[in-house]
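# Understanding the architecture of this molecule
One-letter residues, chain by chain:
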Amino acid sequence: MTPPAVQAYLRRVTRLLPPTAARRVRAELHGNLHQSMLDARLRGLNEPDAWAAAVTEAGPALPAALHLARTHTLGLALRWLLAAGLLGGAAYAIQGTHPAAPTTTQAQP
């Protein structure tokens, strides 16, 4: 069972991510931490100390959270900008294909 301190670390690291990405990243990071904990156990640490060593090895939560947010949300922002540009261009193109409304001219006396 994963200790509460490790679960809290995983939440802090993934708090800036969209929910779907946060779940995927949390699962992968949990697997990495678990492997680090097992490696620490092989070095002779007991389980609580091995979990603590794994979290220490992973590094501080805030820099990791910022890095993950930049990695996982920059692509999303670029996709939104691209979609907005394409929709705007399509709207402009459609607007230009309609025939112009007839204009009326008034005769000047």
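Residues numbered from 1 in each chain as written. Predicted model: local features only at pLDDT ≥ 70, side-chain atom pairs only at ≥ 80, totals over all residues. Heavy atoms only, no water.

## Digging into helix α3 (residues 47-58)
Helix length check: α3, at twelve residues, gives a terminal C-alpha distance of 17 Å against a target of 16 Å (1.5 Å per residue), a fit within 8%. All of the buried residues along α3 are Ala50, Trp51 and Ala54. When α3 is viewed along its axis, its buried side chains cluster within an angular range of 100° and face the same direction. Turned more than 90 degrees off the buried face of α3, the exposed positions are Pro48 and Thr56. A side-chain oxygen of the first residue of α3 lies 2.9 Å from the backbone nitrogen of Asp49; this N-cap is Asn46. Phi for Gly59, located one or two positions after α3, is positive at around 100°. (Helix = DSSP H or I, 4+ residues; strand = E, 2+ residues; numbered from the N terminus. Expected span 1.5 Å × (residues − 1). Buried < 20%, exposed > 50% of the residue type's maximum accessible area, 1.4 Å probe, protein only. Arc of directions from axis to C-beta. Polar contact = N/O pair within 3.5 Å; in protein donor to acceptor, adjacent residues only side chain to side chain.)

## With respect to the packing of helix α2 (residues 19-42) against α3
The description of two packed helices rests on the angle between their axes and on the distance between the axes. For the pair α2 and α3, the least separation of the axes is 8 Å and the interaxial angle reads 125°. Relative to α3, the element α2 lies oblique. Between α2 and α3 the crossing geometry is right-handed. Judged by residue contacts, His30, Leu33, His34, Ser36, Met37, Ala40 and Arg41 of α2 engage Glu47, Ala50, Trp51, Ala53, Ala54, Val55, Glu57 and Ala58 from α3. A breakdown of the residues in the contact of α2 with α3 according to their chemical character gives nine nonpolar, three polar and three charged. (Axes fitted to C-alpha atoms, helices over the stretch in contact; angles between N-to-C directions. Parallel < 35°, antiparallel > 145°, perpendicular 65-115°, else oblique. Left-handed = near helix turned anticlockwise from the far one by under 90°. Contact = heavy atoms within 4.5 Å. Nonpolar A, V, L, I, M, F, W, Y, C, P; charged D, E, K, R; others polar.)

## Quick notes on the nonpolar core
One finds Tyr9, Val13, Leu17, Leu29 and Leu33 to be the most contacted residues of the largest nonpolar core, which totals 18 residues. Of all elements in the fold, only α1 (4-14), α2, α3 and α4 (61-97) reach the threshold of two or more residues within this core. Ignoring anything within four residues of it in the chain, the contact list for Tyr9 reads Leu29, Leu33, Val55, Ala58, Gly59, Pro60 and Ala61. (Core = buried A, V, L, I, M, F, W, Y, C linked by side-chain atoms within 4.5 Å.)

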